[in-house]
Amino acid sequence: WSTCCEQMAICTVLPERLVTSWSEKGREEALSLFQKSYKAQKPNFCEANLELRSLVYDLLKCGLSGSIVIDEISSFLGELVSVLGIQESFPSLLADTLTVLDADFGTIDSKEQRSSFMALLLACRELVGELLLKERLDMDTLEAASLIPSKANFNQKCVKTKTKLFYKQPKFNLFREENEGYSKLIAELGHDRRLEISPAALLDHIKSLIGRFNLDPNRVLDIMLEAFETHLEEEDFFLPLLDGYPCERATFVNILGFKFQTCQGAEPTKAIMTPPSLYSLVARLLHHGLVTLDELYPHLSLSDAKLKEFYETLVQDAKNMERKANVISLADKTDEDKVKEAEEQKDKLGNRETVLSLGLNQKLGVLYALLEHGDWPIALQLLDLLPPYMAMWSVPIVKSLCRMVHTSVAPLYKCCAPKAAKGYNPTPTKGVQLVHKYEDLECCHVFEMLYRLGPHIHRDPLLHAKILRIVRAFMKEYYLLPPGELHTQDQSDVFYGLISVLDEVILPALSFMQCNCGMAEEMWSVLKLLPYQTRYCLYGHWKNDSYDQHPELMEVRTQTLSKGKYIMKRLTKDNVKPSGRQIGKLSHTNPGIIFDYVLSQIQKYDNFIIPVVDSLKYLTPLAYDVLAYCIIEALGNPQKEKLKHEDTNISTWLQGLANFSANVFKKYPIELTGLLQYVINQLKAGKSFDLLVLKEVVQKMAGIDISEEMTTAQLEAMAGGELLKAEGGYFSQVRNTKKSSQRLREALVDTDLSLPLCLLMAQQRDCIVYKEASSRHLKLVCNLLDHCMDTFVQFGLFLSTHLSVEEYSKWVPSLTVLGQDYHIPPDAVFFMLRPLISNSVTVKFLEVEKSSKTDGVDKKTRASQMEANFCSASQEVMEPLMEASKLLFPPRIWEDISPRLFTTFWSLSLYDLYVPNGRYEEEIGKAKVSILSVEDNADLQNSSKRKKEQDRGQTLIEKLQEEKQRQEDNCRLVLARLRQDKESWFSPKVTKNRTITQFLQLCIFPRCRFTAIDALYCAKFVLMLHTLHVSNFSTLLFFDRIFSDISYTVACCTENEVRRYGRFLGQLLEITTRWHSSEPIYVQECSHTPGFISMMKTSANEKQYLDYENFRHITFKWHFKLTKSLVVCLESKDYMQIRNGLIVLTRILPYYPKVYHLSLALEKRVEKIMEEEKEKRADLYTLATGYAGMLKTQRVHLVAEADFHNREERVKAQTLESESKAFKGQDDGSLDFKEEKLLSITSKARLSGSPRSTDDGGRSSSKSKQVLDESKPVVKESTPSSSAPSKEKDRDRGDKEKEKTKLVKSESRELPAKKEKKEVDAKLPAKENVQTPSSSEQPSPSGGKAGQRRQHSSESSSTPENIIERDLKRRKTEDSSKSKLADSTKDKSVSDGLEPQGKEKSKLADNTKDKSVS
């Protein structure tokens, strides 16, 4: 009201116009305004709205200011009261308004204002009344208004009245009372026939006794209450009697309070036990409203302050207990400390018993009586006045409340109880509402009762089980709702209510039921019906919040942790069983606490993983499910860094936790959905660290391991069928993964998580490179990219091998959707689609085979027919793919490469191109040896076991033979298809250089870095192109593009990618080494093949092929280029280049280096790395040391350069001329245009008479007068499509001319900035002069044999190998002390140890990439 008065004083709602026109029409409008405001007010006039109060305030204020005459105001208020009919309530409002005005104008010294207020007060005196004015107004104002004669007398009278009311004790003349009256009263109340008398008649008798014997009415009421307390069963008689007794309610409260206070002592130890009958009496009086809880509560002990102090003490003791449990004390406790601690513990227990005793704690006693009487609403009020859950520490109260719940849910439980349940029917509590259906749980206060019980329901395990069964029955109905139907609001309310009961009552109560595995099983029967999201929410609140809300649960947590630490300290691989049983007992009721500690130890000590996993076999299903939640919670802990301190490697705790998770999920039947969804959520957030968990899970559960350390034999096995892969392709044993892989498959299929995982992993590769690379160390980014790639491949292999064709095709989208909508790279797209493509071809082939006629057909014809049918089926399947593939790249890309080649390359696998016959025979041989060993095994005395083992080995042999035959048939059919399609792969209209570029960029490079199997596949595919004699495919050009400069390719690879790329290079080097090793092999496999064409004349369409000796020259050139590129990587200070270079060298070691001085150059760089990185980067030092050791073992296989290729031999002039024409100045066959241009520039400079560059102090070379014959004829290769449009030729020629000009300029900038070089640059010919004319356009100026010999001499002497040879001889003659070629120079040129010549000539030789093959 004071707030309203303040607001009323500052609000003005009476319009000014009504005041000014009051005498005219303002009075009538004001009256209507007051009526309108009154109608809008609240029903209770005392709560009148602010507008009406403000109107009255403004009206009175206008009278004080003189705007309206005071008498007019008095008459207006009288009329208002009569019109509105508020004679009873309006005086109070008017009195309050006058009080506000008195406060406002009482501080003003103006006599006029004060006299106006007095006049207004006297005018309103009749409306308000003197009593209200004396009650509300100040004494000074009352004296001034003559309402009281004297302020002092009035104040003295008020003090006496208050003293008499509140402090003076009423006195009764006890001597006037007669004992006979009390005797008759007791006789009336205790008469045997009292039930025959009505309460009203008895009450009349009591009144007569009071009047006749002058009895004290309060003592009479006390005797009546004692009689009722003695005969509580006759409440139907006494309650009406007491209700009709003529006394105030305060009298009841005072008498009851006196009864309670007589039992209270000054100290708790001196108090006496309050009788339970008194509690029951009070409960009945409270229930029937004769007494209210608010009136009685102050008379009850103990005080709220003591209860609050007791509660806080218990909480603090529980926290201290936890703190002491985590403190390690090395000193033993003395006897005095032990005695003192025992006494303190005894005092605490005594204090607790005192506080929780129903006889001493009267509040708990009344609460217990209310519960026994079934009066839940009043009991709930009393519970709200006590500290939370403190009343439930009293066992009688808990059991009484449990009986109420038993009584309430009994009808519903009959419908939900199992048939075998005997049931438990406690004594029903009167006044409890019964629940007949699930919707009644809320209205019958069952939920409220369970919430108040909290975890203390554990004291009644039967009720705990009842509630669980009711919840289970409801959940079954809730989740079995037919599709399309929605739950009603009542069903939803019941569902969320039961979930809250599980969260706040059932699960925390389980923590108290030590070693109760039966209750844990009952709990799991309910929780397994819920989705994992709901279960994990319940587990999280149970583990992280519930224990902190209850001091008793804090103590349970401390005890559980102490036992868990004791067990874990003694856990070894030798005592797994006993330790596992102890862990199982703890996990039955407190799984979250024990698993949280176990996982913390796993993250610290990875050697605990296997013993802990083995010890978890005694857990319940509930404990396994909580373990899965704890693992996910530990993985997502935001307080732990997932990187080591150097931010380049994943933390060891994450690696250990991932390993433990994989082992646990493999060995035990735990639901995987939560873990898989966690990985998906992390990928959505752009975090790829947790892919390590998925990788470990798939590896352990499915036996699919992605390792870059696979041996050659394992790679060969991976090229075979599934059985060969299982027997010889994996590191781990695959036989024990059948059940676990099935569980992983079901988790993915049931939840449809396969596609999201694949898509997110495929997209995560770009996310790592383009988002995380800016803030992460490059080494870490590469590691993350490798992890992501390996996990994606591993997961894809699992899906393709464990899902049926229908399941796999169901979740994999089309090529267009993957490439266009999800923006997945082609390598990942075809990796996902490859199993579907293969299966589609097989299905279509079988359909065509069924429709074919095979009767009377011989084997040869039948084989041809099958090949034709397979080609037809493949064509039908591949056509849509080719059309869809065109959308992956811009249209201009397909001008240089055929879509058919692209889809063929990406749709096939190593299984389709290569049959590992050796590995099949090896595994068959192992099986045969196993059969023989079984026969010789003396331990297998049982003939049935021996026979079983032999049958198993024989079955394995038969399956391997069948699988081998199937693969051979498949390879034969695929080869037939490739033969049919090969002519359409490389267009004759496009130059070979452009075709090879696109083939490398779109096919070879992406796939050879995808997996180790794909690296082997790329090499086999290139060999297949060569073997099938594919038109317009130059094998020489392909190999030259691969080997010319690998430094950039190596530098941009991750660690795993460069290992695969090294395998690819090793396979290519193996091929070239085989061709280089023997001339018959070369002639058989390479001679007269399109890939080794060195020239094609225009006139007679004659083809000339590269001979064996020139191929040996090219092979040396490739080894030289490899050395040059790898030396660039090794001399770089960049970590990635050095590491990747060493990895490549390790991978290609069996086939490179083969030449002694090339090996010596590499060895020098490796030794330098070992020296520099020994104390800096340990991993580089380890790699370098390992390679250096392996390189030394290969020294016995090294040869001199003269043995590797014949340097002294001079081939015929015609052969060199044809080679020069084939590879110098041609667009479609040039191996390196840059080398030819540099030699041409040098030749022109020599012809113009410019001096040779000097080296080593300015000494001029003795060979400076040798020049190149710039007018030698070159015959361009005439392509088979001579009828192609001239525009295409002009465009290609123009592009090549531009490229030549750019390369010449770039190389000219790289030459030394000397005067001689400037003169050479100044004399560069124009672009059209650089182009060497063909024989058809310009005849050779030097005719006959002399011209040919001159031309041969010029060409022979200008090759890079001859330049090296000439300068080597010159340097040897200049400095005889330098006897070895590798020690001749120590400059930073890449060819250190290879080309001992002057700086300018060294750079010229390094940058020379002559198109001539030799």
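Because the structure is predicted, anything quoted here is derived from the model rather than measured.

The rules behind the values
- Residues numbered from 1 in each chain as written.
- Predicted model: local features only at pLDDT ≥ 70, side-chain atom pairs only at ≥ 80, totals over all residues.
- Heavy atoms only, no water.
- Helix = DSSP H or I, 4+ residues; strand = E, 2+ residues; numbered from the N terminus.
- Buried < 20%, exposed > 50% of the residue type's maximum accessible area, 1.4 Å probe, protein only.
- Contact = heavy atoms within 4.5 Å.
- Areas by Shrake-Rupley, 256 points an atom, 1.4 Å probe, with all protein chains shown as cover.
- Expected span 1.5 Å × (residues − 1).
- Bend = angle between axes of the 7 residues up to and from the residue.
- Axes fitted to C-alpha atoms, helices over the stretch in contact; angles between N-to-C directions.
- Parallel < 35°, antiparallel > 145°, perpendicular 65-115°, else oblique.
- Left-handed = near helix turned anticlockwise from the far one by under 90°.
- Nonpolar A, V, L, I, M, F, W, Y, C, P; charged D, E, K, R; others polar.
- Salt bridge = Lys/Arg side-chain N within 4 Å of Asp/Glu carboxyl O.
- Phe/Tyr/Trp six-rings, centres within 6.5 Å; stacked < 30°, edge-to-face > 60°.
- pLDDT = per-residue confidence, 0-100.
- Patch = residues over 30% accessible without salt bridge, like charges linked within 9 Å, V, L, I, M, F, W, Y side chains within 5 Å.
- Core = buried A, V, L, I, M, F, W, Y, C linked by side-chain atoms within 4.5 Å.
- Disulfide = S-S within 2.5 Å.

Visitor: If you had to explain the overall build of the chain to someone new, which residues and values would you point to?
Guide: The helix and strand inventory of the chain stands at 69 helices and two strands. A burial count over the chain gives 53% of its 1414 residues as buried. Nonlocal contacts in the chain, meaning residues at least 24 apart in sequence, comprise 76% of its contacts between residues at least 6 apart. For the chain, the accessible area works out to roughly 67100 Å², and carbon and sulfur atoms hold 52% of it.

Visitor: An account of helix 29 (residues 532-549) is requested, with residue identities and associated values reported.
Guide: Between its first and last C-alpha, helix 29 extends 25 Å over 18 residues, near the 26 Å set by a 1.5 Å rise per residue. Along its length, helix 29 reaches its greatest deviation from straightness, about 40 degrees, at tryptophan 542.

Visitor: Explain the packing of helix 47 (residues 899-907) against helix 52 (residues 1012-1027) to me, using residue names and the numbers behind them.
Guide: Two elements in contact, helix 47 and helix 52, have axes separated by 11 Å at closest approach and are oriented at 135 degrees. Overall, the two elements helix 47 and helix 52 adopt an arrangement that is oblique. As helix 47 packs across helix 52, the resulting crossing turns out to be right-handed. Contacts from Leu901, Thr904 and Phe905 in helix 47 reach Tyr1017, Cys1018 and Phe1021 in helix 52. Class assignment for the residues of the contact of helix 47 with helix 52 results in five nonpolar, one polar and no charged.

Visitor: Describe the pattern of salt bridges, with residues and values.
Guide: Following the criterion strictly, the structure yields 57 salt bridges and no others. Its salt-bridge partner being glutamate 522, residue arginine 469 comes within 3.2 Å of it at the nearest N-O pair. With a gap of 53 residues between them, arginine 469 in helix 26 (residues 461-479) and glutamate 522 in helix 28 (residues 517-527) connect regions that are remote in the sequence. A salt bridge links glutamate 867 to arginine 972; the shortest N-O distance between them is 3.7 Å. Taken as a pair, glutamate 867 in helix 46 (residues 859-885) and arginine 972 in helix 50 (residues 943-981) lie far apart in primary sequence, 105 residues in all. With a relative accessible area of 24%, glutamate 867 lands in the partly exposed category. Among the residues examined, arginine 972 registers a relative accessible area of 30% and is labelled partly exposed. Members of the salt-bridge network, linked through shared partners, are Arg919, Glu922, Glu923 and Lys926.

Visitor: An account of the packing of aromatic side chains is requested, with residue identities and associated values reported.
Guide: Enumeration according to the criterion identifies 57 aromatic pairs in this entry. When the ring of phenylalanine 792 is compared with that of phenylalanine 831, the centres are 5.4 Å apart and the planes differ by 50 degrees; the resulting orientation is tilted. A residue pair is termed long-range when its members are at least 10 positions apart, and phenylalanine 792 in helix 42 (residues 778-802) and phenylalanine 831 in helix 45 (residues 826-851) qualify at 39 residues. Judged by its relative accessible area of 0%, phenylalanine 792 falls in the buried class. For the pair phenylalanine 1043 and tryptophan 1118, a centre-to-centre distance of 5.6 Å together with 45 degrees between the ring planes defines the contact as tilted. Note that phenylalanine 1043 is positioned in helix 53 (residues 1035-1043) and tryptophan 1118 in helix 57 (residues 1108-1131), a separation of 75 residues in sequence.

Visitor: Run through the confidence of the model for the chain, naming residues and quoting values.
Guide: Looking at the chain as a whole, the pLDDT averages 79, with 80% of positions reaching at least 70. Confidence over residues 1-12 falls short of pLDDT 50; this stretch has 18 contacts with residues more than four positions distant or in other chains. Taken together, the stretch residues 42-48 has pLDDT below 50 and engages in 13 contacts with residues farther than four places along the chain or on a different chain.

Visitor: Mind laying out a nonpolar patch on the surface, listing which residues take part and the relevant values?
Guide: Nonpolar side chains collect at one region of the surface, where Leu165, Phe166 and Tyr167 lie side by side and expose about 460 Å² of accessible area between them. Secondary-structure assignment places tyrosine 167 in the loop between helix 11 (151-166) and helix 12 (179-189).

Visitor: A description of helix 58 (residues 1135-1147) should follow, citing residues and the corresponding values.
Guide: Two residues of an α-helix separated by three or four positions point the same way, owing to the 3.6 residues in each turn. The end-to-end C-alpha distance of helix 58 is 18 Å, a good match for the 18 Å that 13 residues give at a rise of 1.5 Å each. With eleven of 13 residues buried, helix 58 lies mostly within the body of the structure. All of the buried residues along helix 58 are Tyr1135, Met1136, Ile1138, Arg1139, Asn1140, Gly1141, Leu1142, Ile1143, Val1144, Leu1145 and Arg1147. Check the buried side of helix 58 and you find it contacts helix 42, helix 54 (1047-1051), helix 55 (1055-1077), helix 57, helix 59 (1156-1173) and helix 60 (1178-1193).

Visitor: Give me the lowdown on the nonpolar core, citing residues and values where you can.
Guide: Membership of the largest hydrophobic core comes to 326 residues, with the highest contact counts inside it found for Phe660, Phe792, Phe1038 and Phe1064. Setting aside anything within four residues of it in sequence, one finds phenylalanine 1038 in contact with Ile996, Phe999, Leu1000, Ile1004, Val1022, Phe1033, Phe1064 and Leu1068. Core analysis: the second largest hydrophobic core is formed by 44 residues, Leu59, Leu77, Val81 and Val128 among them.

Visitor: Which residues make up unusual backbone geometry, and what are the values?
Guide: Note the cis peptide between serine 301 and leucine 302, where omega equals 0 degrees. By the secondary structure assignment, leucine 302 is in the loop between helix 18 (293-296) and helix 19 (304-325). Tyrosine 1152 connects to proline 1153 through a cis peptide bond whose omega is 0 degrees. If you trace the backbone, proline 1153 turns up in the loop between helix 58 and helix 59. The residue histidine 445 is not glycine, and still its phi comes out positive at about 65 degrees. Examined against the element boundaries, histidine 445 turns out to sit in the loop between helix 24 (440-443) and helix 25 (446-453). In the Ramachandran plot, histidine 823 falls in the positive-phi region, its phi being about 55 degrees despite a non-glycine side chain.

Visitor: Please set out the environment of isoleucine 1046 residue by residue, giving values where relevant.
Guide: Along the chain, isoleucine 1046 turns up in the loop between helix 53 and helix 54. With 77 residues separating them in the primary sequence, isoleucine 1046 and threonine 1123 have C-alpha atoms 9.7 Å apart. Filtering out sequence-adjacent residues up to four positions away, isoleucine 1046 remains in contact with Tyr1061, Leu1065, Leu1122, Ser1125, Leu1126 and Val1144.

Visitor: Account for the state of the cysteines, naming residues and giving values.
Guide: What the rule picks out here adds up to zero disulfides. In this structure cysteine 416 is not part of a disulfide, and its nearest cysteine sulfur, from cysteine 415, lies 6.1 Å away.

Visitor: Residue-level account of the packing of helix 12 against helix 13 (residues 199-213), with values.
Guide: Interhelical geometry of helix 12 versus helix 13 gives an angle of 170 degrees and a closest axis separation of 9 Å. Taken together, the axis directions place helix 12 and helix 13 in an arrangement best described as roughly antiparallel. Every residue of helix 13 that contacts helix 12 at Glu180, Gly181, Lys184, Leu185, Glu188 and Leu189 is listed here: Leu202, His205, Ile206, Leu209 and Phe213. Residue composition of the contact of helix 12 with helix 13, grouped by class: six nonpolar, two polar and three charged.

Visitor: Tell me about the side chain of histidine 550, and please be specific about residues and values.
Guide: Within the secondary structure, histidine 550 is located in the loop between helix 29 and helix 30 (551-569). The exposure class assigned to histidine 550 is buried, which follows from its relative accessible area of 4%. Apart from the residues within four sequence positions on either side, histidine 550 is in contact with Tyr389 and Pro455.

Visitor: Give a description of the environment of glutamate 229 that names residues and reports values.
Guide: Within the fold, glutamate 229 resides in helix 14 (residues 217-230). You can call glutamate 229 buried: its relative accessible area is 16%. C-alpha of glutamate 229 to C-alpha of tyrosine 279: the two residues are 50 residues apart in sequence and 9.1 Å apart in space.

Visitor: Describe the environment of alanine 1015, naming the residues involved and giving the relevant values.
Guide: Of note, alanine 1015 is situated in helix 52. Overall, alanine 1015 belongs to the buried group, its relative accessible area being 0%. Counting along the chain gives 48 residues from alanine 1015 to arginine 1063, while the straight-line C-alpha distance between them is 6.3 Å. If sequence neighbours within four positions are ignored, alanine 1015 has contacts with Arg1007, Cys1008, Arg1060, Arg1063 and Phe1064.

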